[in-house]
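Analysis of the macromolecular model
The lines below spell out each chain.
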Amino acid sequence: MQLNNHNTHNGPASHNSRLVYINNPQRTNEEYEFTGNKITTSKYTIFSFLPKNLFIQFHRVAYVYFLVIAALNQLPPLAVFGRTVSLFPLLFVLTVTAIKDGYEDWRRHRSDRNENNKESPVFQIGKFRPKRWKDIQVGEVVKVCADEAIPCDMVLLGTSDPSGVAYIQTMNLDGESNLKTRYARQETCFMPFDGDLISGVIRCEQPNRNIYEFTATMEMNAQKMSLSQSNIILRGCQVKNTEWVVGVVVYAGQETKAMLNSAVSPSKRSKLEQQMNKETIWLSVFLFVLCLVVAIGMCLWLIRHEQQIDTLPYYRKSYSIKGKFPGKPYKYYGIPMETFFAFLSSIIVFQIMIPISLYITMELVRLGQSYFMIEDKHMYDSSTNSRFQCRSLNINEDLGQIRYVFSDKTGTLTENKMEFRKASVFGKNYCNSSMVACATQDNAEITEPAKGKNPKSDVIVDPGLMGLLHKEIDGDERIAAHEFFLTLAACNTVIPINNQTNSIETELHQDLDYQGESPDEQALVAAARAYGYILFERTSGHIALDVNGKKLRLDVLGLHEFDSVRKRMSVVIRFPDNNVKVLVKGADTSILTILRKGHDNDNITLATHHHLTEYSSLGLRTLVLAAKDLTNEELEKWQLMYEDATTSLADRSLKLRETALFVESNLRLLGATGIEDKLQEGVPETIECLRQAGVKVWVLTGDKQETAISIALSCKLLTPDMHQIIINGTSESECKTLLPEAKTEILTVDGSVALIIDGNSLVYILERDLESELFELATSCSVVLCCRVAPLQKAGIVDLIKSRTDDMTLAIGDGANDVSMIQMADVGVGICGQEGRQAVMASDFAMGQFRFLRRLLLVHGHWNYQRMGYLVLYNFYRNAVFVFMLFWYILCAAFSTTSALTDWSSVFYSVIYTSLPTIIVGILDKDLSHKTLLKYPKLYEAGHRHESYNSFLFWIMMADTIWQSLVLFCVPRFVYKESTIDIWSMGSLWTVAVVILVNIHLAMDVQRWVVYTHASIWGSVALTFACVVVLDSIPVFPNYGTIYELAKQPTYWLSILLIIVAALLPRFITKSLHRMFWASDIQIAREAEILRKKRLFYGPWKWR
Amino acid sequence: MNNQAVTNGIGSSRSTRRISKKPQYSRFTQQELPAWKPILTPGWVIASILAIAFLFIPIGLFSLFASKRVVEIVYRYDQDCLPEMYRGNATAYIKNSDANKTCIENITVPKRMDPPIYVYYQLDYFYQNHRRYVKSRGDKQLRSVGYEFLTKECEPEARVNKSKISSPIVPCGLIAWSLFNDTYNLTLREKVLNINKKGIAWKSDTEDKFGSQVYPKNFQLGQDMIGGGKLNEKIPLSEQEDLIVWMRTAALPTFRKLYGKINTSLEAHDIITVALQNNYNTYSFGGQKKLVLSTTGWIDGKNDFLGIAYLMVGGICLFMALNFILLYVFKPRPLGDPSYLSWNRKAAN
């Protein structure tokens, strides 16, 4: 079931295995020093912080750009800004980021310190003495008591339980809240741990990330035994229900599986950002052209004035004769060099054309957006107590453009809470049609409070089947029924946990709780209990059942676990009367082929098969049960094989599989079960809503075709009027013919078509060049359902769409088998469900329920996309309008890269004067309320049409920018034509005008004015005035006193007003006309929403 | 489910509930803060455009009126004051310190001018905003004697070698060095028109920016290149108002600077005789020099642009408002009508 990432570690040969001498850390670490148990999750130390943090920060292109610009400015001929001023932007971002990193690292240091200084009793000089975790070494023997955390990965040697069982909670590791059993080997669990020397060698594999696998052997007292995953307890887990455990450390510190698994998921780039990068290239072209114009202008100007530049009072090429360097040129390097320098220095002046600060702004905005997504109470799942989680901070806006949703079925569409519904025993169908609770039975174990606590035991009992069980044991049917329930109770890995520890009366198993890794098994065991086959004890050697009041102790000789190749599991059990039986349960295809042949059997097989198809058509998950008696010879042969397989280090799983295949043959069919996998709340509505929003939902499941179709029908993904095309190819050639046939079939059908395809066909299609055919076929169908697909195939299908279209894909799943799909898709969503946390760890967003997807995409996705699209455009505009304004001025300053603005104002413009409003608007602005968005799912299509950000908008915006910058430049230019205005007054006018202009431009587009929006927009304007006043109050600056004189003149204020109105008028008129005649859906919906509210207040509304 | 982990624990003896992670409700976190949600209804559009029109047209008329009331005399003299013999070689004339630079011209007052009448000089094609020029000044040095040696920014006019010792120029830099030095003497009906040169600089400049203890030093000693006027070494910088005005470098290549004020009124058709010293070299780069006499209003100088621009913007707004009204009357779209949503329109077709 779990994805195995590290198969290479499965069979460690002796050369790359690790030798651990038990209770002998010196010898263990002699040859090769194993990592100690000290953990460091922090990145920096006090000394390495500055260099390392700077190094990491300069990995970002943005910062390098800042650095290059700052460095250029330090060259004497290019010094456009003062030294400190030019370093300000770089220092500002570096400091902010460094403070953030430093704070995070300090917190990590603190938690590391706490963790490292915890103490655990370690066996030292004949006694367990406390030792700090950071000092624990590989090879030492450590004791952990109940409810304590486990300090490192250890092989169990003994536990407080005489049978060597320990229960652990693996919540921190995989998120599963149920208890897992771990065993100490029988050979070691009776060893005394006081004073005596314990010795032995463990040979285990090298540290790896796979938390579901461990292979090792232990040699002790010349005895060799095998160790597996069930013998190891991992760091991060907690000991529960067990007084104490003792184990030997095999992996410590950074090498523990928990630490190796703490890697972060790969980062993704949002589509909007990729598109934005294209436009950034255009902006670089603009920048280049502007600089080129300045350079060429400079060159021509110099050529024209070549004779005069030495005497020009405002140029003065050389030092005076009486000066320091008589007659030498002063900062003059000849025309070609001057041209080149003009180019470089104009890059410095125009640097903000490339909106580097935009990347930082976007990160902050996404952070704010994530905050609101996390805090959304509608996306809180009370059943799992989980909030929405944003694990990736790069792709919020992608949520607004999703075209394809790839969904897992089990645990995503369904709850993965299994309920036993139907049974077919010996060819007879028993369906629990009558709703009789099992409380009427003799062993009425379910009392009302227990029922509430353990919903899994809520099994409805079929009276017919119950009656059969109460007959005397004779007849094939009766025996089959007995074995049927024996198999249900015994052939599993479920652990019964008795909550009433002090009650010795096993007669009434009132408070039994079943813990298991598979919910199917839990449901089956609970069903067996309802029918009177109560599993109440399990150790590694035996299980104890209570069969209708009689206690039955069964020795488990061997257990062949479920694997994905055999698709079944089996136990070999010795009964008290020395009979040995194999009990098997598994998928229908895997068992029906290995049944004993015979006339009698065939009838039952046929009937069972019939029932199976019926069950799966109802959407039930089916399992087939079978059994056989083992003869003595068979038993002996099996025992030999099993012994060999379990102790071998290399190829153990292969050998075990062979052993299993040996016993799992010639089986006697007992019956089949049907388990209902309940749909999650709100799934049909969500799917319908997504469909209306133009999102295609594809279901990729590992389940059988029939089950998949029935679930698809019940969640309204498939509707009965849909035409179904089914592709079940068993060979390449068959697939080759099936695909074109399907394509022609589509053309003949009117109405929507559903494509159902199975994993087998996908193997042939995805590996060959049939991919594009499938793509065409699948995209022309409205629903695609893939069944029996392997994890990697899921990723393959996602890739099929992703590589061929520009459409955004989203994958949603809950299990480890969905990890590859989640990582492949543009957006990966994990469901924090029952199947562990791997999907969540790999995902970009995680939530509790499938139905939150509707809100996530239609509401938050829409908002984020609208906000981010506008943010990017606005930031382009904001910087470009400033640059163009500087550019026009340079044209009337003899191309000499003069800026009328003071150095500080130029630098503050994008950092302080105008940055906060865009961030606030990017986080808080909202075009439509969530109610409207959910009411009209079609509004989501605005994202598909790229309505908020596209090249057309970019170019319109650039045209508008040039107009606005011309107004900005020309109004003062002509108002103060032939006047006494000085350069700093002009600069001051421009500073104030441009800041007010861009803020009002933003204000015109704000759709929802909250307090913070007002505060940030008007606050920024006020702050700019304040800064200008402060800068003009420092006497050493040449601009001293400017604003005081300027503010007295009415012309100054009239110019500002004229600039703002004239600059924004075309925009306002275009916007109004557009609203009137080509109103977008969003605008209409917005009007409807707001006016409806107003009408509620003011009564019927005429026109406003 | 919620506390399953606990019930699984040892004998449910402990009943610590897991802390609920349910988000705390607040209008802020649910993005439901009270908000003003403006919509661009035709009513709003028409109202706002009309408002602009009704604001701008009066302002425009008012400014235009104010500008028209300003009486301005502009007289270009750089060519007229060039003696006949130097017509071909103006640079030689202006550099010749022995040549007679005095020039007498008559100008006629077109309209009555009320005091105060401002006297400006105007230079054309003089890039006072050139980067090399703007940066070449020592602000600290201008302010206090202690920073006399801070001349790093002032190159190439930073220091002079006086008996082999490098000595700072006060005030240093190209701006000061190129100080304008034409002078004007006006006579009206044989009577000297007094030009008041006090108070022509900004108060902030004379009080704080230019030190009252700083005296000119080593200024304009260069014999090879004389940039402009000289300064009286006995007068502190804070009282050298011509310098202070000059040091406020102009924003545009054509600029005026205040020369002085006349406090008597001039009648229409008065003829003013200007005796000017044509010292300043604009000939070498083809610049122009003008003398300007101007009255003033609230709009400062004579400038029709502001008024015309306001009238134009106001006019366009009025025009657009009328168009919008017509459009609204003849082709209205009911606001917020769901039948206009794209998919509903498609379905209707």
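Since this is a predicted model, take the numbers as computed values, not measurements. (Residues numbered from 1 in each chain as written. Chains lettered and ligands numbered in written order. Predicted model: local features only at pLDDT ≥ 70, side-chain atom pairs only at ≥ 80, totals over all residues. Heavy atoms only, no water.)

A word on the overall build of chain A
Scanning chain A from terminus to terminus reveals 37 helices and 33 strands. For chain A, the computed accessible surface area is about 43500 Å², with 58% contributed by carbon and sulfur atoms. (Helix = DSSP H or I, 4+ residues; strand = E, 2+ residues; numbered from the N terminus. Areas by Shrake-Rupley, 256 points an atom, 1.4 Å probe, with all protein chains shown as cover.)

Comments concerning the nonpolar core
In this structure, Trp 301 and Phe 350 of chain A together with Trp 246 and Leu 293 of chain B are the most contacted members of the largest nonpolar core, which totals 213 residues. Non-local contacts of Trp 301 of chain A, meaning those with residues more than four positions away in its chain, are made with Ile 309, Leu 312, Tyr 314, Tyr 315, Ala 894 and Phe 895 of chain A together with Tyr 127 of chain B. (Core = buried A, V, L, I, M, F, W, Y, C linked by side-chain atoms within 4.5 Å. Buried < 20%, exposed > 50% of the residue type's maximum accessible area, 1.4 Å probe, protein only. Contact = heavy atoms within 4.5 Å.)

Points about the interface of chain A and chain B
Between chain A and chain B, the contact holds 130 residues from the first and 118 residues from the second. Summed over both partners, the interface of chain A with chain B buries about 11200 Å², with 61% contributed by carbon and sulfur atoms. On the surface where chain A and chain B come into contact, there are 3 salt bridges. For the salt bridge of Arg 333 of chain B with Glu 1087 of chain A, the shortest nitrogen-to-oxygen distance reads 3.0 Å. Put simply, chain A and chain B have 34 residue pairs in polar contact (both at pLDDT 80 or more) between them. Of all the elements, helix H36 (residues 1050-1077) of chain A adds the most residues to the side of chain A that touches chain B, at 17 residues. (Buried area = accessible area lost by both parts, 1.4 Å probe. Salt bridge = Lys/Arg side-chain N within 4 Å of Asp/Glu carboxyl O. Polar contact = N/O pair within 3.5 Å; in protein donor to acceptor, adjacent residues only side chain to side chain.)

Structural notes on helix H9 (residues 305-330) of chain B
Across its 26 residues, H9 of chain B extends 37 Å between first and last C-alpha, which sits within 8% of the 38 Å expected from 1.5 Å per residue. Those residues of H9 of chain B that sit buried are Leu 306, Gly 307, Ala 309, Tyr 310, Val 313, Gly 314, Cys 317, Met 320, Ala 321, Phe 324 and Tyr 328 of chain B. Contacts from the buried residues of H9 of chain B go to helix H32 (951-975) and H36 of chain A together with helix H2 (42-69) of chain B. (Expected span 1.5 Å × (residues − 1).)

A look at the sheet that holds strand S23 (residues 568-574) of chain A
All names here are of chain A. Ordered by their spatial adjacency, 9 strands build an open sheet running S17-S16-S26-S25-S24-S23-S22-S21-S20, and the pairing between neighbours is antiparallel. At either margin of the open sheet sits one strand with a lone partner, and together these are strand S17 (428-431) and strand S20 (533-538). Recorded for the sheet is a direction-independent mean angle of 30° between the axes of neighbouring strands. Sheet topology places strand S22 (residues 550-560) next to S23; 5 bridges connect them, and they run antiparallel. Along S23, the bridge assignment pairs Asp 555 with Arg 574. (Pairing = 2+ DSSP bridges. Axes fitted to C-alpha atoms, helices over the stretch in contact; angles between N-to-C directions.)

Side note on the confidence of the model for chain A
Residue-level pLDDT values for chain A average 82, and 89% of them are 70 or greater. Below a pLDDT of 50 lies the segment residues 433-457 of chain A, which in the model reaches 38 contacts outside its immediate sequence neighbourhood of four places, other chains included. (pLDDT = per-residue confidence, 0-100.)

What to know about a nonpolar patch on the surface
On the surface, a cluster of nonpolar side chains totalling about 1100 Å² of accessible area is made up of Ile 281, Trp 282, Val 285, Phe 288, Val 289, Leu 292, Val 293, Ile 296, Leu 300, Ile 303, Leu 891 and Trp 955 of chain A. Taking relative accessible area as the criterion, Leu 891 of chain A reaches 33% and is therefore assigned partly exposed. (Patch = residues over 30% accessible without salt bridge, like charges linked within 9 Å, V, L, I, M, F, W, Y side chains within 5 Å.)

With respect to the pairing of strand S6 (residues 183-188) of chain B
Residue and element names in this part refer to chain B. Across the two faces of S6 the burial differs, with Tyr 184, Leu 186 and Leu 188 buried and Thr 183, Asn 185 and Thr 187 not buried at all. As paired strands, S6 and strand S10 (residues 271-277) are joined by 6 bridges and run antiparallel to one another. Note that in S10 the partner of Tyr 184 across the bridge is Leu 276. Across 3 bridges, S6 lies against strand S7 (residues 191-193) in antiparallel orientation. Counterpart to Thr 187 in the pairing with S7 is Val 192. Linkage of S6 to S7, two consecutive antiparallel strands, is achieved through a turn of 2 residues, within which Arg 189 is found at a positive phi near 45°.

Things to note about unusual backbone geometry
Backbone phi values are negative for most residues with the exception of glycine, while trans is the configuration of most peptide bonds. Residue and element names in this part refer to chain B. Note the cis peptide between Pro 115 and Pro 116, where omega equals -5°. For Pro 116, the position within the fold is in the loop between strand S2 (102-108) and strand S3 (117-124). Residue Pro 171 follows Val 170 across a cis peptide bond; omega there is -15°. Along the chain, Pro 171 falls in the loop between strand S5 (165-168) and helix H6 (174-177). Look at Arg 189: it is not a glycine, yet its phi comes out positive at around 45°.

What to know about the packing of helix H29 (residues 915-924) of chain A against helix H34 (residues 1011-1031) of chain A
All names here are of chain A. Orientation of H29 relative to H34, taken along the N-to-C sense of each, is 165°, at an axis distance of 8 Å. In terms of axis orientation, H29 runs roughly antiparallel to H34. The element H29 and its partner H34 pack so that their crossing is left-handed. For the pair formed by H29 and H34, the contact residues are Leu 916, Pro 917, Ile 920, Val 921 and Leu 924 on the first element and Tyr 1012, Thr 1013, Ser 1016, Ile 1017 and Ser 1020 on the second. A per-class count over the contact of H29 with H34 returns 7 nonpolar, 3 polar and no charged. (Parallel < 35°, antiparallel > 145°, perpendicular 65-115°, else oblique. Left-handed = near helix turned anticlockwise from the far one by under 90°. Nonpolar A, V, L, I, M, F, W, Y, C, P; charged D, E, K, R; others polar.)

Observations regarding the pattern of salt bridges
Residue and element names in this part refer to chain A. Within this structure, the stated rule accounts for 51 salt bridges over all chains. Across the pair Glu 375 and Arg 387 runs a salt bridge whose closest N-O atoms are separated by 3.1 Å. Highlighted residues: Glu 375 in helix H10 (residues 356-375) and Arg 387 in the loop between H10 and strand S14 (389-390), separated in sequence by 12 residues. For Glu 375, a relative accessible area of 11% corresponds to the buried category.

Remarks on the confidence of the model for chain B
All names here are of chain B. With 93% of its residues at a pLDDT of 70 or more, chain B has an overall mean of 85. A low-confidence stretch, residues 1-17 stays under pLDDT 50, and its non-local contacts, those more than four residues away or across chains, total 32 contacts. For this predicted complex, the interface score ipTM comes out at 0.92, while the overall pTM is 0.81.

A closer look at helix H22 (residues 759-767) of chain A
All names here are of chain A. Listed as buried for H22 are Gly 759, Ser 761, Leu 762, Ile 765 and Leu 766. For H22, the arc enclosing every buried residue in end-on projection is 145°, short of the 170-degree limit, so these residues lie on one face. Of the surrounding secondary structure, the elements contacted by the buried residues of H22 are strand S28 (723-727), helix H21 (732-748), strand S29 (753-758), helix H23 (771-780), strand S30 (783-787) and helix H24 (791-804). (Arc of directions from axis to C-beta.)

Topic: the sheet that holds strand S6 (residues 165-169) of chain A
All names here are of chain A. Here 3 strands make up an open sheet; going across it, the order is S7-S6-S12 and the pairing antiparallel. The strands lining the two open edges of the sheet, one partner per strand, are strand S7 (179-183) and strand S12 (238-240). Strand-to-strand twist across the sheet, computed as the mean angle between neighbouring axes with direction ignored, equals 45°. The pairing of S6 with S7 spans 5 bridges and is antiparallel. Among the inter-strand pairings, Ala 166 is bridged to a residue of S7, identified as Arg 182.

Comments concerning the packing of aromatic side chains
Residue and element names in this part refer to chain A. Counted under the stated rule, the structure contains 67 aromatic pairs over all chains. Between Trp 1009 and Trp 1018, the ring centres sit 6.0 Å apart and the planes meet at 5°, which makes this aromatic pair stacked. On the basis of relative accessibility, which here comes to 5%, the residue Trp 1009 falls in the buried class. Residue class for Trp 1018 comes out partly exposed when judged on its relative accessible area of 40%. For Lys 581, the ring lying beneath its charged end belongs to Phe 575, and the centroid distance is 5.1 Å. (Phe/Tyr/Trp six-rings, centres within 6.5 Å; stacked < 30°, edge-to-face > 60°. Lys NZ or Arg CZ within 6 Å of the ring centre and 35° of its normal.)

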